[in-house]
Structure formats: C-alpha cells, structure tokens
Amino acid sequence: MRYANITGWGKCLPPAALSNDDLSTFLDTSDQWVNSRTGICSRRISHVNTSELATVAAQHALAAADLEPNDIDCIIMATASPDTLVPSAASALQRNLGIGNAAVFDINAACTGFIYGLSVGSALIKAGSMNRVLVIGAERLTHYLDWTKRDTAVLFGDGAGAVVLEADNQPLGLIADKLGCDAKANDILAVPNSGTARERFAHTDGLFDVNFDGKEIFKRAVKGMGYAAENVLEQADLTTQDIDLLLPHQANIRIIDTLAKKMDLPIDKVMINIEQYGNTSAATVPIALCDALEQGRVKPGALLLTAAFGAGLTWGAGVIRWGSRTTPLRLSDAALPPCDKTALELLAPAIKGCQESWKLDETKHL
C-alpha cells in the first residue's frame, strides 16, 4: 500500500511586522485590548503578491526534501487571496519555480485550505496517479482588509508554508483525515461583496467589508474542529494520550485553549505561534509545523494532530505520523526581495483609502 510521507517543509514570512501599538496609531485599540482577546501581539504585512510568498516557502520545502522543481508531479495551492482568479495562484507558482508539466490547481477552503490540500495531495499519491506533490498554504489577506474595522483589522497577517509529499510504502504522513463544511451559517464569516456578486463600477470599488460574528464563530469553530479531531483519532484507533503535538489553526488563543481542553491535551503538547503572526488563514498550519520542527518539538515517529476551521464554514482535521527525519536534507537561500518600508508605510495608502471610502459612504446617506 502506498502512503504520502512529508519529506520537505518550508515557510515564508514577509519582513515588515505590524505591532498592536502600530494599530493603535489609526484604530481605537491597544496592545492590551488585542492581546487579551486574541493572543496576537504582531502580524506580518507583505510587500509582494501571494505567489511570491508561496514560491519562497516552496523553495525551502524542496531543498529540505533534496528535490529539484521538476521532480514535482502536482502543485496544490491553498489560498483565499490569490494574485489573480484566472490564472490560478498555483499556475503562477509553477512559472516561478520553473516546473515543466506538473498538474496545478488552487483550493479555497479559507483557513482549512491546507488540511484540504494535504488530504487531496495524499489521496493522489495513495491512488498511484502522483509520486511527489507540493502542497502550499499561502495568504495575503491584509491586502483586502478594511482598516477602519477593529474587529477584523487586528486579526490577520500574511505568510506562506509548504510541504512536499512523496510516495512511501511505510504508513507515514496523513494516516487519517476528516473534512467538512457547515454551510448553513456561511454568512457569519464572509466577504459578501466579492467575486461576481460584487457590483462593478461602485464607489466602494477599492473597499471590502468582512462579515465577522466573533461569538458564533467561536462556538462553531470549537465544535467543528473538536468533532473532526475526535473522528480522525477514532479512524486511526488512537486516543489523545497517543498524540505528541497538536497543530491547531492559529485564529484565536481562546479557541486554541478551548480545543486543547476539549481534547484533554496539556498546553505543552500544543503548538502556538499566533502571538508572532496573527491569523495567516491557510498558511497557519504549515507555518506552525515549520516552527515546531525548528524548535525541536517534532520527534522521529511523532504523532501529530492538526485541526482547522474557516470561512464557508469549512472544518477539517488530520493525524500525521512523522517519519525518521526532522532536519532538512539541504538548505535554500531563497528569500523575498528586500523591503525598504515599515508595515505602517506599506499600509498607508490602504488605510487612507478605507477611511475616505467610509467618509464618502456616510456623506451619501446624509
């Protein structure tokens, strides 16, 4: 029987960091207010497009697996913020990496996207149609935020994480997974005025508004991730005591704490990095995996439990059996182009545009 072992991993975080104190210069907020409610202290603001973040993460993942770009049979890009809808972000990544004829496609399952991609990529390998698959979670959500709205502006950050899956005859990689969606309430976390539903030539052309019902999202996130996590443990004939590390979606520290308690996992078995990066949506799980490996928290043969919840309302979980190697076979010097601006300087046009758009809207309704 074929399995899909994770043999390479890599991440990319843009250099410009936006602190909670930076947010307080244009929003009615403070470091104490944001940190106590979310666990977030800082987040990254990208000066490049999503595909460029993904490219650097992918180059590090390929080096870690000691592979060349043309060794890859398929690219799966999980993102809700692609450079363009047509062509796909995966196509741009293929071009950037110089890969010849690999199959490429995007998955938009929002924050659950990487787990969806990991499931699909593993299934392609297990079915025998692919031997090596590159799975990436990458987001540049800050490009779309309404910077006048405190409830969403403080939450999100930019970044990318990637893994290489390779066919293996040992039971390694994703050994159990469960995916689903709670679409009845998909309006509580949504960008309603987007896609073909967006009015063309409207005065709000540069402004996106995010529906965000925090209390309801909290309840459904814990329920969805908890159910999926319990399901995959049952599939794999495991209990929470067998799990070495929980890699949860990094959306809110309170959600992570509640999920850990629900799963009866001590906090020292939970990977948390939300304080540094905020919610990077589909990129949170692979970035957390990379950080855990760098910190020596993933041991050979470890059992990892991952769970996520996102707009849609998608949810998913997986159990990963790690292989024997926890260090890269090779290192890459891939990096983003230099950024000569601070996060506030990068955001200045967007902040001004959001403020002016809302003033125009208020004037219109006087």
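Please refer to the structure higher up on the page.
A brief report on the enclosed structure follows. (Residues numbered from 1 in each chain as written. Predicted model: local features only at pLDDT ≥ 70, side-chain atom pairs only at ≥ 80, totals over all residues. Heavy atoms only, no water.)

A word on the nonpolar core. In terms of nonpolar packing, the biggest core is built from 31 residues, with Val 163, Leu 165, Leu 304 and Trp 322 touching the most fellow members. Counting only elements with at least two residues in this core, the list comes to strand S1 (3-12), strand S4 (74-78), helix H5 (113-126), strand S6 (132-139), strand S7 (159-168), strand S11 (245-248) and helix H10 (284-294). In terms of residues, this core owes the most to one element, H10, which gives six residues. Contacts of Trp 322, omitting those with residues within four sequence positions, involve Ile 6, Trp 9, Leu 172, Leu 289, Leu 293, Val 298, Lys 299, Gly 301, Ala 302 and Leu 304. One finds Leu 189, Leu 246, Leu 259 and Leu 303 within the second-largest nonpolar core, a separate group that totals 30 residues. (Core = buried A, V, L, I, M, F, W, Y, C linked by side-chain atoms within 4.5 Å. Buried < 20%, exposed > 50% of the residue type's maximum accessible area, 1.4 Å probe, protein only. Helix = DSSP H or I, 4+ residues; strand = E, 2+ residues; numbered from the N terminus. Contact = heavy atoms within 4.5 Å.)

Turning to the environment of Asp 242, a few remarks are in order. Inspection of the secondary structure puts Asp 242 in the loop between helix H7 (214-235) and S11. Since its relative accessible area comes to 34%, Asp 242 is described here as partly exposed. There is a polar contact of 2.8 Å between the side chain of Asp 242 and the backbone nitrogen of Thr 239. (Polar contact = N/O pair within 3.5 Å; in protein donor to acceptor, adjacent residues only side chain to side chain.)

Taken as a whole, this structure holds three aromatic pairs when the rule is applied. Relative to Trp 315, the ring of Tyr 227 has its centre 5.5 Å away and its plane inclined at 90°; by these criteria the two rings are edge-to-face. Here Tyr 227, found in helix H7, pairs with Trp 315, found in strand S13 (residues 314-321); they are 88 residues apart in sequence, far enough to count as distant. The class of Tyr 227 is partly exposed, set by a relative accessible area of 41%. With relative accessibility at 12%, the residue Trp 315 sits in the buried group. One residue, Arg 150, lies across the ring of Trp 33, its end atom 3.9 Å from the ring centre. (Phe/Tyr/Trp six-rings, centres within 6.5 Å; stacked < 30°, edge-to-face > 60°. Lys NZ or Arg CZ within 6 Å of the ring centre and 35° of its normal.)

Under the defined criterion, the tally for this structure stands at zero disulfides. Free cysteine Cys 354: the closest other cysteine sulfur is in Cys 339, separated by 19 Å. Exposure remark for Cys 354: the relative accessible area of 5% places this residue in the buried category. (Disulfide = S-S within 2.5 Å.)

The omega torsion across Val 86 and Pro 87 is 0°, close enough to zero to call that bond cis. Within the secondary structure, Pro 87 sits in the loop between S4 and helix H4 (89-97). Omega for the bond connecting Gly 312 with Leu 313 falls within 30 degrees of zero, at 0°, which places this linkage in the cis form. Within the secondary structure, Leu 313 is located in the loop between strand S12 (303-310) and S13. The backbone of Ser 281 sits at a positive phi, close to 55°, despite the residue not being glycine. Here Ser 281 is to be found in the loop between helix H9 (274-277) and H10.

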